[in-house]
Amino acid sequence: MIIKSHRDVTAAVLSEIDRAADPRFKDIMSAAVRHLHDFVRETKLTEAEFQKACAYIATLGKLTTESHNEVVLIAGSLGVSALVCLLNNGDHGRRETTANLLGPFWRANSPKTENGASIVRSPTPGDPIFVTASIRDLQGRPVAGAEVDVWHTSGEGYYENQDPTQADMNLRGKFTTDAEGRISFRSVKPIGYPIPLSGPVGELLRTQGRHNLRPAHIHFLIFKPGYKTQFSQVYSSDDPNLETDVQFGVTSALIGKYVRHDGDPAPAADVTGTWYSLDHDFVIEPGEAKLPRPPITGKATGSERPQSVVLQRTDPR
Ligand SMILES: [Fe+2]
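Cut-offs used in this document
Residues numbered from 1 in each chain as written. Predicted model: local features only at pLDDT ≥ 70, side-chain atom pairs only at ≥ 80, totals over all residues. Heavy atoms only, no water. Donors = N, O, S within 2.8 Å, 3.2 Å for Na, K, Ca; no water. Tetrahedral: all angles 85-135°; square planar, octahedral: opposite > 155°, others 65-115°. Buried < 20%, exposed > 50% of the residue type's maximum accessible area, 1.4 Å probe, protein only. Axes fitted to C-alpha atoms, helices over the stretch in contact; angles between N-to-C directions. Helix = DSSP H or I, 4+ residues; strand = E, 2+ residues; numbered from the N terminus. Parallel < 35°, antiparallel > 145°, perpendicular 65-115°, else oblique. Contact = heavy atoms within 4.5 Å. Nonpolar A, V, L, I, M, F, W, Y, C, P; charged D, E, K, R; others polar. Pairing = 2+ DSSP bridges. Core = buried A, V, L, I, M, F, W, Y, C linked by side-chain atoms within 4.5 Å. Phe/Tyr/Trp six-rings, centres within 6.5 Å; stacked < 30°, edge-to-face > 60°. Lys NZ or Arg CZ within 6 Å of the ring centre and 35° of its normal.

The subject of this paragraph is the coordination of the iron ion. Those protein atoms acting as donors to the iron ion are Tyr159 (OH), Tyr193 (OH), His217 (NE2) and His219 (NE2), and they sit at 1.9 to 2.2 Å. Coordination geometry of the iron ion: the 4 donor atoms subtend angles of 90 to 164 degrees at the metal centre, consistent with an arrangement described as irregular. Between consecutive donors of the iron ion, the numbers of intervening residues give the motif Y-x33-Y-x23-H-x1-H. Note on histidine 217: relative accessible area 1%, which makes it buried. Relative accessible area serves as the criterion here: at 2%, histidine 219 is assigned to the buried category.

This is the structure:
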């Protein structure tokens with residue numbers, strides 16, 4: 001098509017997309033082009049702003065490596081990851097779900113661990129926590145024999161793969177639900193942690209006066225053939241950043257009751273003083289059991305922990 005005015009451009013692109021045989025490709029790309037062209041019209045995007053946007057997107061790709069994914073980080077920081085999760089779980093967004101974001105720190109092949117055992121595999125700072133969880137189906141029946149992977153940060157806010165002082169696979173384990181659909185384990189209470197600021201995500205957050213913290217949480221990945229594999233995170237009810245999670249992940253179904261015990265008898269004789277307990281229920285749906293591609297494959301090399309930089313949330317006025 002010979003373009004006579006800006007109005008012709010959208011129609012020309014849409015008509016070329018229409019040549020594709022795959023109907024889903026056509027749906028997705030047509031909608032993307034319509035929204036993108038409308039965005040340019042609505043914002044009256046200048047040439048300088050367009051060049052800046054292109055450079056920004058190129059930088060997202062350049063900074064993405066085997067151990068860091070800036071593209072996923074910005075998708076989370078703009079709420080796109082949360083939206084995709086909530087529209088694909090809970091009967092396609094029609095009811096509450098315990099599904100949540102996978103996040104960038106799941107590793108495959110975590111050690112199989114007996115229920116009730118500890119996942120603290122090297123000396124790790126943090127208050128002891130005793131976790132129980134139950135897995136049920138949509139009818140409320142316990143799901144026995146489900147594999148449940150768990151992973152979380154230490155009491156200093158580092159995953160083991162980021163932290164040379166932690167043993168390989170520390171604070172990670174794979175459990176199997178018993179006849180009542182339950183798992184249990186001992187660990188240390190995680191704390192919240194800052195997401196990296198070295199790229200466009202840092203610039204985005206600074207421009208908005210946002211902090212870069214995730215509230216403390218424990219990750220769960222629940223796998224059983226016949227059920228849609230569920231990724232979840234259970235957030236700590238006492239964390240000050242539940243309302244302002246930088247990845248927009250906190251839903252009411254996933255605020256866990258991390259109960260503090262001061263001096264109560266603990267489930268393990270060696271625990272005295274402060275300890276925590278957490279009991280949480282998950283509901284899984286019928287569907288395809290499929291493990292995701294692991295976002296990372298091992299511990300970072302080098303002897304240094306990453307430098308944690310925390311932004312303060314500022315008052316916009
Ligand atoms: Fe996490």
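From this point on, the discussion continues.
Let us now look at the packing of helix α3 (residues 47-62) against helix α7 (residues 200-208). Contact geometry for α3 and α7: axes closest at 9 Å, N-to-C directions at 125 degrees. The orientation of α3 with respect to α7, classified from their angle, is oblique. Contacts between α3 and α7 involve Lys52, Tyr56, Thr59 and Leu60 on the former and, on the latter, Pro200, Glu203 and Leu204. Considered class by class, the residues forming the contact of α3 with α7 number 4 nonpolar, 1 polar and 2 charged.

This part takes up the sheet that holds strand β2 (residues 147-152). The strand order β3-β2-β7-β8-β9 describes an open sheet built from 5 strands, whose pairing is mixed. The open sheet has two edge strands, β3 (172-176) and β9 (255-256), and neither has a second partner. Judged from the 5 bridges that link them, β2 and β3 form a sheet pairing that is antiparallel. Within β3, the position partnered with glutamate 147 by the bridge is threonine 176.

Moving on, we get to the environment of leucine 213. Within the secondary structure layout, leucine 213 lies in strand β6 (residues 213-214). On the basis of relative accessibility, which here comes to 17%, the residue leucine 213 falls in the buried class. Sequence separation of leucine 213 and leucine 60 is 153 residues, and the distance between their C-alpha atoms is 20 Å. Contact partners of leucine 213, with chain neighbours within four places excluded, come to Tyr193, Pro194, Asn241, Thr244, Asp245, Val246 and Val310.

Bringing unusual backbone geometry into the picture now. Positive phi, close to 60 degrees, is recorded for asparagine 109, a residue that is not glycine. When you line up the elements, asparagine 109 lands in the loop between α6 (90-93) and β1 (128-136).

Attention now goes to the nonpolar core. Nonpolar side chains in soluble globular proteins generally cluster together in the buried interior. Ranked by internal contacts, the top residues of the largest apolar core, which has 22 residues, are Val150, Ile183, Phe185 and Phe220. Elements with a contribution of two residues or more to this core: β1, β2, β4 (182-188), β7 (217-223) and β11 (274-283). Ranked by the residues each element gives to this core, the list is headed by β1, at 4 residues. Residue contacts for valine 150: discarding those within four places in its chain leaves Ile119, Leu171, Arg172, Gly173, Phe175, Ile183, Phe185, His219 and Phe220. Counting residues in each nonpolar core, the second largest holds 10 residues, with Leu60, Ile195, Leu197 and Val246 among its members.

Before going further, it helps to spend a moment on the packing of helix α4 (residues 70-77) against α7. Remark: α4 packs on α7, axes separated minimally by 9 Å, with the N-to-C direction vectors making an angle of 25 degrees. Relative to α7, the element α4 lies roughly parallel. Residues Glu70, Leu73, Ile74 and Ser77 of α4 touch α7, and the partners they reach there are Pro200, Val201 and Leu204. Broken down by class, the residue content of the contact of α4 with α7 amounts to 5 nonpolar, 1 polar and 1 charged.

Here the structure, examined in full by the defined rule, presents 6 aromatic pairs. Grouped by ring-pair contacts, the aromatic residues Phe105, Tyr159 and Tyr193 constitute a single cluster. The lysine or arginine in question, lysine 189, covers the ring of tyrosine 276, its NZ or CZ lying 4.7 Å from the ring centre.

Before going further, it helps to spend a moment on the environment of alanine 117. Position of alanine 117 among the secondary structure elements: in the loop between α6 and β1. You can call alanine 117 partly exposed: its relative accessible area is 26%. Apart from the residues within four sequence positions on either side, alanine 117 is in contact with Ser184, Phe185 and Arg186.

This brings us to the sheet that holds β1. If you trace the 4 strands from one edge of the open sheet to the other, you get β4-β1-β11-β10, paired in mixed fashion. Two strands bound the open sheet, and with one partner strand each, they are β4 and β10 (259-262). Mean inter-strand twist for the sheet, computed between neighbouring axes without regard to direction, equals 20 degrees. Bridge count between β1 and β11: 8 bridges; the pairing is parallel. Counterpart to phenylalanine 130 in the pairing with β11 is serine 277.

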